[in-house]
Amino acid sequence: MKEQMTEALNLPKDLTLGAVILTITGKYEAYVENYMSLIEYTENQIRIQTRTCKLEIHGKQLEIVYYTNEEMKITGELLEVKYC
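What this report covers is the structure whose coordinates are included nearby. The shown structure was predicted, so the numbers you read here are calculated from the model rather than taken from an experiment. (Residues numbered from 1 in each chain as written. Predicted model: local features only at pLDDT ≥ 70, side-chain atom pairs only at ≥ 80, totals over all residues. Heavy atoms only, no water.)

**Remarks on the overall build of the protein chain**
Then, in step 1: When helices and strands are counted, the protein chain shows two helices and six strands.
Then, in step 2: For the protein chain, the N- to C-terminal ordering of α and β elements is α-α-β-β-β-β-β-β.
Then, in step 3: Residues counted as buried form 30% of the 84 residues belonging to the protein chain.
Then, in step 4: In the protein chain, the proportion of contacts linking residues at least 24 apart, taken out of those at least 6 apart, comes to 38%.
Then, in step 5: By element, 49% of the accessible surface of the protein chain is carried by carbon and sulfur atoms, the whole surface being about 5,600 Å². (Helix = DSSP H or I, 4+ residues; strand = E, 2+ residues; numbered from the N terminus. Buried < 20%, exposed > 50% of the residue type's maximum accessible area, 1.4 Å probe, protein only. Contact = heavy atoms within 4.5 Å. Areas by Shrake-Rupley, 256 points an atom, 1.4 Å probe, with all protein chains shown as cover.)

Laid out in structure tokens, this is it:
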């Protein structure tokens with residue numbers, strides 16, 4: 001019901017539903033906003049818990065350059081993104 005109201009009122013989902021925001025710049029940089037916790041972190045895979053799903057980023061030489069309570073920056077060769 002909350003999602004239907006958000007759609008009807010044309011409100012941003014990241015604010016009302018806490019949806020994850022993933023911004024990928026090219027093949028080597030990603031920013032993740034509105035995440036809850038880090039589940040797994042290796043050089044080939046990063047798994048992140050969000051409010052609505054799990055986010056998996058697969059690649060080579062992945063590195064979390066920085067993270068705060070609200071966002072993180074990931075670099076490396078990004079090969080695949082999955083929402084689970």
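**Thoughts on the nonpolar core**
Then, in step 1: The biggest cluster of nonpolar side chains holds 13 residues, and the ones touching the most others in it are Val 32, Ile 48, Ile 57, Met 72 and Ile 74.
Then, in step 2: Of all the secondary structure elements, the ones that give two or more residues to this core are strand 2 (29-33), strand 4 (45-50), strand 5 (54-67) and strand 6 (71-83).
Then, in step 3: Of the residues forming this core, the biggest block, four residues, is contributed by strand 5.
Then, in step 4: Ignoring any residue separated from it by four or fewer positions in sequence, one finds Ile 48 in contact with Val 32, Tyr 35, Ser 37, Leu 38, Ile 39, Cys 53, Lys 54, Leu 55, Met 72 and Ile 74. (Core = buried A, V, L, I, M, F, W, Y, C linked by side-chain atoms within 4.5 Å.)

**A closer look at the pattern of salt bridges**
Then, in step 1: Under the definition given, this model contains four salt bridges.
Then, in step 2: Of the charged contacts, one joins Arg 47 and Glu 40 as a salt bridge, the two residues approaching to 3.6 Å between their closest N and O atoms.
Then, in step 3: We classify Arg 47 as partly exposed; its relative accessible area is 21%.
Then, in step 4: Overlapping salt bridges bring together Glu 40, Arg 47 and Glu 56 as one network. (Salt bridge = Lys/Arg side-chain N within 4 Å of Asp/Glu carboxyl O.)

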